[in-house]
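Overview (structure and organization)
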Amino acid sequence: MHLHKYEKMWMLIGGGALLIFLIMLGVGAFYQGTKPPSCLTTIDPQNVEAHDSFKKENLGMQQLDDNRYVVNVIASAFNYDFGTDEEGNVVRTIRIPVGSEVMFQGTSTDVVHGFELAGTNANMMLEPGYINTVETTFKKPGTYTFVCNEYCGTGHHYMTATVEVYDE
């Protein structure tokens with residue numbers, strides 16, 4: 001079998017690219033310890049309120065200690081549910097002091113939703129049946145927007161909320 005010189009060249013380029021990819025995958029998996037999120041906590045998507053974190057009174061922001069917070073959220077049907085404030089109004093904005101470490105913990109009750117806080121490293125998928133978490137530290141004041149970055153239906157573009165990071 002005779003191969004043209006250009007065929008040989010493209011086979012070498014393809015084989016080399018495959019080898020580089022496999023080396024990068026091996027370094028990430030074995031040397032850096034990168035793993036898929038296969039050990040997520042599971043939850044019944046039809047009864048998320050059974051989990052302590054997602055009871056009505058525990059939704060939204062809770063302070064753990066001086067500079068650490070947890071924010072619990074349920075995503076469903078074009079809405080991020082952060083609970084209600086003292087007057088019973090739906091929370092659409094979360095206020096956090098600058099320099100705070102925040103763990104966002106969320107789940108979904110219907111379909112896969114995205115949870116991205118634009119301008120930070122907070123980005124995760126909220127899947128029915130699983131609890132996902134991401135941590136971030138807010139180093140500078142400003143207003144950050146939550147967006148759903150997974151298409152979830154016709155009202156997808158309405159699925160937003162904000163975080164206001166303020167100086168104390």
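Check the entry above for the structure.
Here the structure is a predicted model, which means the values were calculated and not measured. (Residues numbered from 1 in each chain as written. Predicted model: local features only at pLDDT ≥ 70, side-chain atom pairs only at ≥ 80, totals over all residues. Heavy atoms only, no water.)

To continue, consider the pattern of salt bridges. One pass over the structure, following the stated rule, counts four salt bridges. Where Lys 55 meets Asp 52, a salt bridge forms, and the shortest distance between an N and an O atom there is 3.2 Å. Note that Asp 81 and Lys 56 form a salt bridge whose closest N and O atoms lie 3.9 Å from each other. Highlighted residues: Asp 81 in strand β4 (residues 79-81) and Lys 56 in the loop between β1 (41-42) and β2 (60-65), separated in sequence by 25 residues. (Salt bridge = Lys/Arg side-chain N within 4 Å of Asp/Glu carboxyl O. Helix = DSSP H or I, 4+ residues; strand = E, 2+ residues; numbered from the N terminus.)

In this structure, Tyr 80, Phe 82, Phe 104, Phe 115, Phe 138, Phe 146 and Val 163 are the most contacted members of the largest nonpolar core, which totals 26 residues. When contributions to this core are tallied by element, the ones reaching two or more residues are β3 (68-76), β5 (93-97), β6 (101-108), β7 (113-117), β8 (123-126), β10 (142-147) and β11 (160-166). Ranked by residue count, the leading element in this core is β3, at four residues. Residues in contact with Val 163, not counting those within four places in the same chain, are Ile 94, Ile 96, Leu 117, Phe 138, Gly 142, Thr 143, Tyr 144 and Phe 146. (Core = buried A, V, L, I, M, F, W, Y, C linked by side-chain atoms within 4.5 Å. Buried < 20%, exposed > 50% of the residue type's maximum accessible area, 1.4 Å probe, protein only. Contact = heavy atoms within 4.5 Å.)

A cluster of nonpolar side chains, Tyr 6, Met 9, Trp 10 and Ile 13, forms an exposed patch at the surface whose accessible area comes to about 460 Å². Of note, Tyr 6 is situated in helix α1 (residues 5-31). Take Tyr 6: its relative accessible area is 48%, and that puts it in the partly exposed class. (Patch = residues over 30% accessible without salt bridge, like charges linked within 9 Å, V, L, I, M, F, W, Y side chains within 5 Å. Areas by Shrake-Rupley, 256 points an atom, 1.4 Å probe, with all protein chains shown as cover.)

In total, this model carries nine aromatic pairs according to the counting rule given. Taken together, a centroid distance of 5.7 Å and an interplanar angle of 55° make the contact between Phe 104 and Phe 115 tilted. You can see Phe 104 sitting in strand β6 and its partner Phe 115 sitting in strand β7, a full 11 residues away along the chain. We note that Phe 104, like Phe 115, is buried. (Phe/Tyr/Trp six-rings, centres within 6.5 Å; stacked < 30°, edge-to-face > 60°.)

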